[in-house]
Amino acid sequence: AQKITQTQPGMFVQEKEAVTLDCTYDTSDPSYGLFWYKQPSSGEMIFLIYQGSYDQQNATEGRYSLNFQKARKSANLVISASQLGDSAMYFCAMREDSGGSNYKLTFGKGTLLTVNP
Amino acid sequence: KAGVTQTPRYLIKTRGQQVTLSCSPISGHRSVSWYQQTPGQGLQFLFEYFSETQRNKGNFPGRFSGRQFSNSRSEMNVSTLELGDSALYLCASSLANYDSTDTQYFGPGTRLTVL
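A brief report on the enclosed structure follows. (Residues numbered from 1 in each chain as written. Chains lettered and ligands numbered in written order. Predicted model: local features only at pLDDT ≥ 70, side-chain atom pairs only at ≥ 80, totals over all residues. Heavy atoms only, no water.)

## As for the pairing of strand E12 (residues 111–116) of chain A
Residues and elements named next belong to chain A. What counts, and what does not: A 1.4 Å probe rolled over the protein chains alone gives each residue an accessible area, and that area as a share of the maximum for its type sets the label: buried under 20%, exposed over 50%, partly exposed in between. Only DSSP runs of H or I reaching four residues or more are called helices, and only runs of E reaching two or more are called strands; each is numbered from the N terminus. Two strands are said to pair when DSSP picks up at least two bridges between them.
Side chains Thr 111, Leu 113 and Val 115 project from E12 onto a buried face, and the interleaved Leu 112, Thr 114 and Asn 116 project onto a face without burial. Where strand E10 (residues 88–96) and E12 come together, 3 bridges link them in antiparallel fashion. Pairing of Met 89 across the sheet is with Leu 112, part of E12.

Given below as structure tokens:
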């Protein structure tokens with residue numbers, strides 16, 4: 001079973017509008033971290049935002065926020081006021097903190113976001 | 001502070017050859033991880049090094065190996081290259097300070113093409 005599922009292969013959004021990118025995860029580990037990365041066409045993975053499994057509040061970083069619903073095992077990324085430079089591939093990733101694998105990230109397949117002017 | 005650097009950025013090899021990729025982590029970061037990214041398989045974890053020791057290994061054949069030096073710089077080696085090894089190889093570094101928020105920061109990647 002996939003540990004990270006991103007059901008939207010592609011998304012389109014108008015400039016200045018908000019967009020939500022979906023991510024669901026599967027783990028039995030009580031302690032884990034969820035990450036979102038942005039990958040422009042240049043290839044570099046850019047860290048956007050982190051949410052820990054024990055965090056009570058949703059994470060926010062500037063225009064990025066993470067809608068964390070633990071019971072549903074979802075960690076959706078919300079980008080507010082989209083900009084043309086937001087056009088990129090977005091990956092959701094999980095780090096499970098037990099069992100000695102706490103430096104391994106498991107990634108979803110990604111969502112290609114296109115921001116239209 | 002300089003980010004993660006990877007060299008070379010692009011590489012073309014032929015089947016059967018071997019290749020070595022290099023990664024310099026962010027200053028002060030002690031953990032280095034390697035990932036392979038292909039269109040078919042997506043991003044897959046290769047291995048992670050800390051204090052010159054491999055702590056975690058992904059599900060890759062023994063042709064893929066790596067090492068870490070005392071200054072935390074890391075190299076990965078792929079021997080007897082196959083066409084399927086063509087990929088973007090990404091290196092990531094983290095503080096490894098056992099803080100739950102510890103984040104991996106990625107380099108620009110090395111794009112390997114095997115002909």
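Past the structure itself, the notes keep going.
## Overview of the sheet that holds strand E1 (residues 5–7) of chain B
Residue and element names in this part refer to chain B. Worth spelling out the cut-off: Under this scheme, a helix contributes an axis fitted over its contacting stretch, all axes are lines through C-alpha atoms, and angles between N-to-C directions fall in the 0 to 180 degree range.
Across the sheet, 4 strands lie side by side as E1-E3-E8-E7; this open sheet has antiparallel pairing. The two strands at the open ends of the sheet, each matched to only one other strand, are E1 and strand E7 (64–68). In this sheet, adjacent strand axes meet at a mean angle of 20° when their direction is disregarded. One ladder, built from 3 bridges, connects E1 with strand E3 (residues 19–24); its direction is antiparallel. Looking at E3, one finds that Thr 7 is bridged to Ser 22.

## A look at the interface of chain A and chain B
Stated formally: It only takes one pair of heavy atoms within 4.5 Å for two residues to be counted as in contact. By buried area we mean how much accessible surface two parts lose on assembly, using a 1.4 Å probe and totalling the loss over both. By definition, a salt bridge exists where a carboxyl oxygen of Asp or Glu is found within 4 Å of a side-chain nitrogen of Lys or Arg. Contacts described as polar in this section are N or O atom pairs within 3.5 Å, which, within protein, must combine one atom able to donate a hydrogen with one able to accept it, while residues neighboring in sequence count only if both atoms come from side chains.
Taken residue by residue, the interface counts 18 residues in chain A and 27 residues in chain B. Summed over both partners, the interface of chain A with chain B buries about 1,800 Å², with 54% contributed by carbon and sulfur atoms. Counting across the chain A and chain B interface gives 0 salt bridges. Where chain A meets chain B, there are 4 residue pairs in polar contact (both at pLDDT 80 or more). For the side of chain A that touches chain B, the secondary-structure elements that each account for two or more residues are strand E5 (32–39), strand E6 (46–52), E10 and strand E11 (105–107) of chain A.

## Quick notes on unusual backbone geometry
For the bond from Thr 7 of chain B to Pro 8 of chain B, the omega torsion is -10°, close enough to zero to count as cis. Looking at the secondary structure, you find Pro 8 of chain B in the loop between E1 and strand E2 (10–13). Unusually for a residue other than glycine, Lys 16 of chain A sits at a positive phi of about 80°. Locating Lys 16 of chain A in the fold gives a position in the loop between strand E2 (10–14) and strand E3 (19–21).

## Things to note about the packing of aromatic side chains
Threshold: Pairing of aromatic side chains requires ring centres within 6.5 Å, counting the rings of Phe and Tyr and the six-membered ring of Trp. Pairs whose planes differ by under 30 degrees are stacked, by over 60 edge-to-face, and all others tilted. Look at NZ for Lys and CZ for Arg. If either is within 6 Å of the ring centre and within 35 degrees of the ring normal, a charge sits over the ring.
Considering all chains together, one arrives at 15 aromatic pairs over all chains under this definition. Here Tyr 25 of chain A and Tyr 32 of chain A contribute two aromatic rings whose centre-to-centre distance is 5.1 Å and whose plane-to-plane angle is 55°, an arrangement assigned as tilted. Each member of the pair, Tyr 25 of chain A as well as Tyr 32 of chain A, carries the same accessibility label: buried. Between Tyr 37 of chain A and Phe 106 of chain B the ring centres are 5.1 Å apart and the planes differ by 85°, which places this aromatic pair in the edge-to-face class. A residue pair is termed interchain when its members come from two chains, as with Tyr 37 of chain A in strand E5 and Phe 106 of chain B in strand E10 (residues 105–106). Each member of the pair, Tyr 37 of chain A as well as Phe 106 of chain B, is classed as buried. Joined through ring pairs, the aromatic side chains of Phe 35, Tyr 37, Phe 47, Tyr 50, Phe 91 and Phe 107 of chain A together with Tyr 35, Phe 45, Tyr 105 and Phe 106 of chain B make up one cluster. The ring of Tyr 64 of chain A has Arg 63 of chain A lying over it, and the distance from NZ or CZ to the ring centre is 5.6 Å.

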